[in-house]
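What the coordinates show
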Amino acid sequence: MEYNFRDIEDKWQAYWAKNKTFAAKDDPSLPKYYGLTMFPYPSGAGLHVGHPLGYIASCIYARYKKLQGYNVLHPMGYDSFGLPAEQYAIQTGQHPAITTEQNIKRYREQLDKIGFSFDWEREVRTSDPSYYKWTQWIFKQLYNSWYNNKTNKAESIESLVKIFEKEGNATVDAPNDQKDTFTAAAWNELSEKAQQNILMKYRLTYLADSWVNWCPALGTVLANDEIKDGVSERGGHPVEQKLMRQWSMRITAYAERLLNDLETVDWSDAIKEQQRNWIGKSVGAEGHFKLVGGKEIIEVFTTRPDTIFGVSFMVLAPEHELVNKITTAEYKEEVDEYVKQAGLKTERDRQSDVKNITGQFTGAYAIHPFTGEKLPIWIADYVLAGYGTGAVMAVPCGDQRDWDFAKHFNIPIKNIFKDVDISEGAYTEKDAVITDSDFLSDLPVNKAIKTAIFHIEKEGIGKGRTNYRLRDAVFSRQRYWGEPFPVYYKDGTPYLLEDDQLPVTLPEVDKYLPTEDGEPPLARAKKDAWDVEFDGERMEYNTMPGWAGSSWYFLRYMDPHNEKAFVSKEKADYWNQVDLYIGGSEHATGHLLYSRFWTKFLYDMGYISFHEPFIKMINQGMILGNSAFYYSTVKIDFSFFGSGRSHDHNAFERNEFLNSLLPPIFISADLINSNNVHDKILNAISKEIRSFYERFGEQDKVQILDVNTQKLHMDIRNIENDAIDLEKVKIDNRYPEFEKAIIIRNEEGKLICEREVEKMSKSKYNVVTPDTDPDTGKEGLIEQYGADTLRCYEMFLGPLEQAKPWDTQGINGVHNFLRKFWRLFHDAENNFSVSEGEPDKKSLKTLHKTIKKITDDLNRFSFNTAVSNFMICVNELTDQKCNNKGILKELVVLISPYAPHIAEELWSKLGEQKSVTTAKFPEYNEAYLKESEFAYPVSFNGKMRFKIELPTDFSKEEVEKEVLAAEESQKWLEGKAPKKVIVVPGRIVNIVV
RNA sequence: GCGGGUGUGGUGAAAUUGGUAGACACGCUAGACUUAGGAUCUAGUGCCGUGAGGUGUGUGGGUUCGAGUCCCUCCACCCGCACCA
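Keep in mind it's a predicted model, so treat the numbers as computed, not measured. (Residues numbered from 1 in each chain as written. Chains lettered and ligands numbered in written order. Predicted model: local features only at pLDDT ≥ 70, side-chain atom pairs only at ≥ 80, totals over all residues. Heavy atoms only, no water.)

Moving on to the overall build of chain A. Helices and strands together make up the secondary structure of chain A, namely 32 helices and 34 strands. Along the first, second and third principal axes, the C-alpha atoms of chain A reach 100 × 95 × 85 Å. A burial count over chain A gives 52% of its 993 residues as buried. The long-range share in chain A, meaning contacts at least 24 apart out of those at least 6 apart in sequence, stands at 72%. Within the structure as shown, chain A displays about 45800 Å² of accessible surface, and the carbon and sulfur contribution to it stands at 48%. (Helix = DSSP H or I, 4+ residues; strand = E, 2+ residues; numbered from the N terminus. Buried < 20%, exposed > 50% of the residue type's maximum accessible area, 1.4 Å probe, protein only. Contact = heavy atoms within 4.5 Å. Areas by Shrake-Rupley, 256 points an atom, 1.4 Å probe, with all protein chains shown as cover.)

Now the structure itself:
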């Protein structure tokens, strides 16, 4: 074999490991580059070809930066707490730590085969006690902090206590859940416990009764970002709202900063927009509506205070705390029933039920603060308890939902927009002029909003306010395989463990299931099963959510073995922000928001000196799998007719009987809609039909009316050119039905599958693994083509950010390129052979052109075009029969980030002693790129134009001179003076004649 | 409904500030060699046309000497959010 990638790759991977080639040194004198890819959850399925995509891009860029002289930090680790290992533990009893360890081992083997430049000295695992010690520690810091809106940062809780002691809480401006104000004197008289209860309402992580998303199937609560379309992201189980005592993170305190600082990071618009959406800032006002004949006050939030005179009713969320208090006796029964019904709905029902307008009048009325009008108070589940105040002032003329509601329940609609027709629907544009609205009349909407707020504040009935859709994040999970909280309870009050008691490690339990009383699995651990001493009745039984460990792992890489701190200040200052973060966009509202939040918090507390974790981010597109489906009959509808009988009253029975005789029938996908498929089936089941005749008599003739089929996944490893390999499938024990099945083949005698592009996943049987398949033992791409080919091919597939189906076919082209590259250095007998002397001009031009292109490609993260440009370069050098040592040496360095193994091999053959990673990335020389000067005419739409290739640095005058010279030399131009000459340096010159 | 994105051959895709559209690769066609292989090499390959030529970057329009690229219109697809007041 001329290019023996197997030996080469083994050799150099061993070399890198032995020499710790990619171990980053903390050397502040060097310019740093911190490249990071999102660390994986080590699942049991191992890596498929989609996983390494981002890692390869990250590796290429890290290697490029290293060649440019940067001190590169390119670490890797595992997000190793998580649900699948726990579910596996529940099924098998095997400790999740063992499963996780095994999975990591397999991941590591696979990763190593691809030749990544990861610094494994710095590996972190979120499930490692030496790591989650610091996750627990950060939790403690959050607990011991509050957010001061005046200084706009988090501060220690002691500073809040001091304010309380001196001034009470009236002057404190902080996000909190403390509704009532108190004086300093009142505070000082409170018991320790009462004080703690109040402080809990200010802490950045706090324990509170809150409405949470409860997923009964998973037996745990979930954060909003773990829910998609009203069902759990993992498993797709229904989710309901439940009031539970849970730990939460006060991420809402950071809403404004999380929003504004998006402008300081270089992320894709899509992700930024998703985060903006998620944060969901809306500016408006809150107002208080008094009750008719009651002292209660209904607080509402609106973005349209200008429509205050258009209010014709009020709506409360069914869960609103006032509902019980204000409902009149007359309506009590109906209201209770409505509240009950609303409570029964799952989140999904509620969402899919949007078009159904429901509601219930409470019998109570509110007073309009300006007109004194009586406004009926309704409850309806289109008002959400969790957003704003859980109550709205309904303005049917300006809000479609209010309009629909008013129409449905025959509530009068008042129009306050001048010259606007609202008979068909609400007018939601903000370009109208207000009318019939006292002091707001004749004002345009934007001015009316300001004026309305002014009056609302003046009258003391409310104030301007900003609301966010973002909710505080539930931080506890009723699970085993997660970080234990550093919290214990004494008399039902939570207390924190001391720093020197950390980490609290996960205790052993007999089962990984909840207890009979519905307590989380950790409740199974006896007090002495914990490795900490505590003065209380029990430890916290909840564990932290999956995103706890991943919210700060990028900091730990900087200083992974530090036992004194989560990261030292010096190292955090040096490595600083992640320069390039590569990962999937599915974390847009989860991980990426939480890690920004924690980074800002740690910045506020002075532990790090940057407040955004990731300067630039690229979201690699998903690699999709090409699933295969075969058609299987579910049921065949036969019709029977015999001699002298036109109608058969026993058809149903006969149909059932004949179907019961049939084995599974699989039909080639290309026949499904063909005319003769029924005949083919009849032919194929002649044996069964004979059995049928034995019972019902030969006089019946059988015809097929209809064939009901279903599509089933076929493992793509049993497929060859869209056809199922029947020999293979018969020995595949997952498809036992093929043993006895009737197969309706197409003209070529094949059973063709239908192909469809889907997400690559083990359950869809469409996975392509990069290395040898552990199930079948069949050679993988790396064994067939080598890691370098795989790396180049994954990049060649298309733009990194785009989702693309995997297609193995094209890999040959890339492999050929590497073989051609190899041949540049070797003679026909495969002996290393390069020429010393001066390179010729053409080859120099090819080289420098390529260096320029590749540098540009890398700088704009266009990894796919770079591979193409390598190919062009190697093709050209092959044509030029160039084997000049000087040229090839530069080319080797240039290619090394993409194909590091072959580059190392050639580099050493060229006589270099050290690894190619110590080389300098080549720079191009403009001088070699100078174009020869020539001009030729091109006919074009009746006009003529010159093409003149000129050096790019020519001035306007120089170009004009060249144009004149070219004109001179062109005979065809004789007698025709150019009408107009457009000159662009370095470009084509058009001359219109 | 709101927001974001994408539309270029049979396929993946190039075209960096507007400047010869389809580079590079897959696939396909024909041929060569051959110890018949899913190897290698040569030629061809946007579409229509034997040809000269015409035509062509989702649709329609505009700006320009010149538009895949800039502006407007519409269409299609993908992604995210969604009773958020």
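From this point, the discussion proceeds with the structure in view.
Of all residues in chain A, 92% attain a pLDDT of 70 or more, and the chain-wide mean is 87. Predicted confidence in chain A is weakest over strand β31 (residues 935-940), with a mean pLDDT of 42, and strongest over helix α17 (residues 553-556), with 98. Contacts for the low-pLDDT stretch residues 932-945, under 50 throughout, to residues beyond four places or in other chains number 33 contacts. Of the regions scoring below 50 in pLDDT, residues 969-988 engages in 37 contacts with residues more than four places distant in sequence or in other chains. This complex was scored by the predictor with a pTM of 0.90 and an ipTM of 0.93. (pLDDT = per-residue confidence, 0-100.)

This brings us to the packing of helix α28 (residues 863-879) against helix α29 (residues 885-895). Between two packed helices, what matters for the description is the angle formed by their axes and the separation of those axes. For the pair α28 and α29, the least separation of the axes is 12 Å and the interaxial angle reads 160°. For the element pair α28 / α29, the angle class is roughly antiparallel. α28 and α29 meet at a crossing whose hand is left-handed. Contacts from F870, C873 and L877 of α28 reach α29 at I887, L891, L894 and I895. Counted by class, the contact of α28 with α29 contains seven nonpolar, no polar and no charged residues. (Axes fitted to C-alpha atoms, helices over the stretch in contact; angles between N-to-C directions. Parallel < 35°, antiparallel > 145°, perpendicular 65-115°, else oblique. Left-handed = near helix turned anticlockwise from the far one by under 90°. Nonpolar A, V, L, I, M, F, W, Y, C, P; charged D, E, K, R; others polar.)

Sheet architecture is open: three strands sit in the order β19-β18-β20, paired in antiparallel fashion. Each having just a single partner strand, β19 (493-496) and β20 (538-539) make up the two edges of the open sheet. One ladder, built from four bridges, connects strand β18 (residues 487-490) with β19; its direction is antiparallel. By the bridge assignment, K490 is partnered in β19 with T493. (Pairing = 2+ DSSP bridges.)

On to the pattern of salt bridges, then. Taken as a whole, this structure holds 48 salt bridges when the rule is applied. When the shortest N-O distance is used, the salt bridge between K140 and D499 registers 2.5 Å. Of the two residues, K140 sits in helix α5 (residues 129-143) while D499 sits in the loop between β19 and β20, which places them 359 residues apart along the sequence. Residue classification places K140 among the buried residues on the basis of a relative accessible area of 7%. A salt bridge links D261 to K600, with the nearest nitrogen and oxygen atoms 2.5 Å apart. Highlighted residues: D261 in the loop between α9 (255-260) and α10 (269-279) and K600 in helix α19 (residues 591-604), separated in sequence by 339 residues. (Salt bridge = Lys/Arg side-chain N within 4 Å of Asp/Glu carboxyl O.)

Turning our eyes to something else, we now look at the environment of A684. For A684, the location among the structural elements is in helix α21 (residues 677-684). Residues A684 and I743, spaced 59 residues apart in sequence, show a C-alpha to C-alpha distance of 8.0 Å. Contacts of A684, omitting those with residues within four sequence positions, involve I742 and I744.

Further remarks concern a negative patch on the surface. A contiguous patch of negative charge on the surface is contributed by E330, E333, E334 and E337. The topology assignment puts E334 in helix α12 (residues 332-344). (Patch = residues over 30% accessible without salt bridge, like charges linked within 9 Å, V, L, I, M, F, W, Y side chains within 5 Å. Lys, Arg positive; Asp, Glu negative; His and termini not counted. Charge placed at Lys NZ, Arg CZ, Asp CG, Glu CD.)

Here we take up the sheet that holds strand β1 (residues 32-37). On the basis of which strands lie adjacent, the open sheet formed by four strands has the order β2-β1-β21-β22 and parallel pairing. The open sheet is flanked by β2 (71-73) and β22 (614-619), the only strands paired with a single partner. Ignoring which end each strand starts from, the neighbouring axes of this sheet average 20° apart. With three bridges connecting them, β1 and strand β21 (residues 578-583) associate as parallel partners. Bridge assignment links T37 to a residue of β21, and that residue is I582. Contacts between helix α2 (residues 52-67) and the sheet are confined to β1, β2 and β21, with β1 contributing the most and set at about 170° to the helix.

Attention now goes to the packing of aromatic side chains. For the structure on display, the rule yields 71 aromatic pairs. Pairing Y254 with F597 gives two aromatic rings, centres 5.3 Å apart and planes at 55°, and the pair type is tilted. Of this pair, Y254 sits in the loop between β9 (240-249) and α9 while F597 sits in helix α19, placing them 343 residues apart in sequence. For Y254, a relative accessible area of 0% translates into the label buried. Residue class for F597 comes out buried when judged on its relative accessible area of 0%. For the pair Y488 and F534, a centre-to-centre distance of 5.6 Å together with 35° between the ring planes defines the contact as tilted. Of this pair, Y488 sits in strand β18 while F534 sits in the loop between β19 and β20, and the two are 46 residues apart along the sequence. Counting every residue linked through ring pairs, the aromatic cluster contains F139, Y143, W247, F475, F485, W547, Y594 and W598. The side chain of R108 reaches across the aromatic face of W120, ending 3.9 Å from its centre. (Phe/Tyr/Trp six-rings, centres within 6.5 Å; stacked < 30°, edge-to-face > 60°. Lys NZ or Arg CZ within 6 Å of the ring centre and 35° of its normal.)

With that out of the way, let us pick up the packing of helix α27 (residues 841-859) against α29. It is at 10 Å that the axes of α27 and α29 come closest, and there the two elements cross at 15°. Between α27 and α29, the angle is such that the two are roughly parallel. For α27 against α29, the interelement crossing comes out left-handed. Contacts from S843, L844, L847, T850, I851 and I854 in α27 reach I887, E890, L891 and L894 in α29. Looking at side-chain class alone, the contact of α27 with α29 contains seven nonpolar, two polar and one charged residues.

Once that is clear, we can look at helix α22 (residues 686-696). Turning to α22, its buried residues number three or more, namely E688, I689, F692, Y693 and F696. Projected down its long axis, α22 shows its buried positions confined to an angular sector of 150°, all on one face. Of the exposed residues in α22, the ones pointing more than 90 degrees away from its buried face are K687 and E694. Phi turns positive one or two residues past the end of α22, at G697, with a value near 95°. (Arc of directions from axis to C-beta.)

Going from L502 to P503, the amide bond is cis rather than trans, its omega being 0°. Tracing the chain through its elements places P503 in the loop between β19 and β20. Here the phi dihedral of N576 falls at roughly 55°; this positive angle occurs in a residue that is not glycine. Note that N576 resides in the loop between α18 (569-575) and β21. The backbone phi angle of F861 is positive, close to 55°, even though this residue is not glycine.

Let us now look at α27. Helix length check: α27, at 19 residues, gives a terminal C-alpha distance of 27 Å against a target of 27 Å (1.5 Å per residue), a fit within 8%. Turning to α27, its buried residues are S843, L844, T846, L847, H848, T850, I851, I854, T855, D857 and L858. Residues of α27 that are buried sit in contact with α2, α28, α29 and α31 (926-929). Backbone nitrogen of K842 and a side-chain oxygen of the N-cap are separated by 3.0 Å at the start of α27; the cap is D840. Immediately downstream of α27, the backbone of F861 shows phi near 55°, a positive value. (Expected span 1.5 Å × (residues − 1). Polar contact = N/O pair within 3.5 Å; in protein donor to acceptor, adjacent residues only side chain to side chain.)

Below, the discussion takes up the side chain of N542. With respect to the helices, strands and loops of the structure, N542 is situated in the loop between β20 and α16 (547-550). Classification of N542 by relative accessible area gives buried; the value is 9%. Separated by 2.8 Å, the side chains of N542 and Q478 make a polar contact. Setting aside residues no more than four positions away along its own chain, N542 makes contact with S476, R477, Q478, F485, P520 and L522.

Tracing the sequence through the fold places I413 in the loop between α14 (400-409) and α15 (445-458). Residue classification places I413 among the partly exposed positions, given a relative accessible area of 29%. Distance in space between the C-alpha atoms of I413 and V395 is 8.0 Å, their sequence separation being 18 residues. What I413 contacts, discounting residues up to four positions off in sequence, is P396, C397, W403, A406, K407 and I422.

Right, let's talk about the environment of V395 for a bit. With respect to the helices and strands, the residue V395 is situated in the loop between β15 (391-394) and α14. Separated by 88 residues in sequence, V395 and T307 place their C-alpha atoms 6.9 Å apart.

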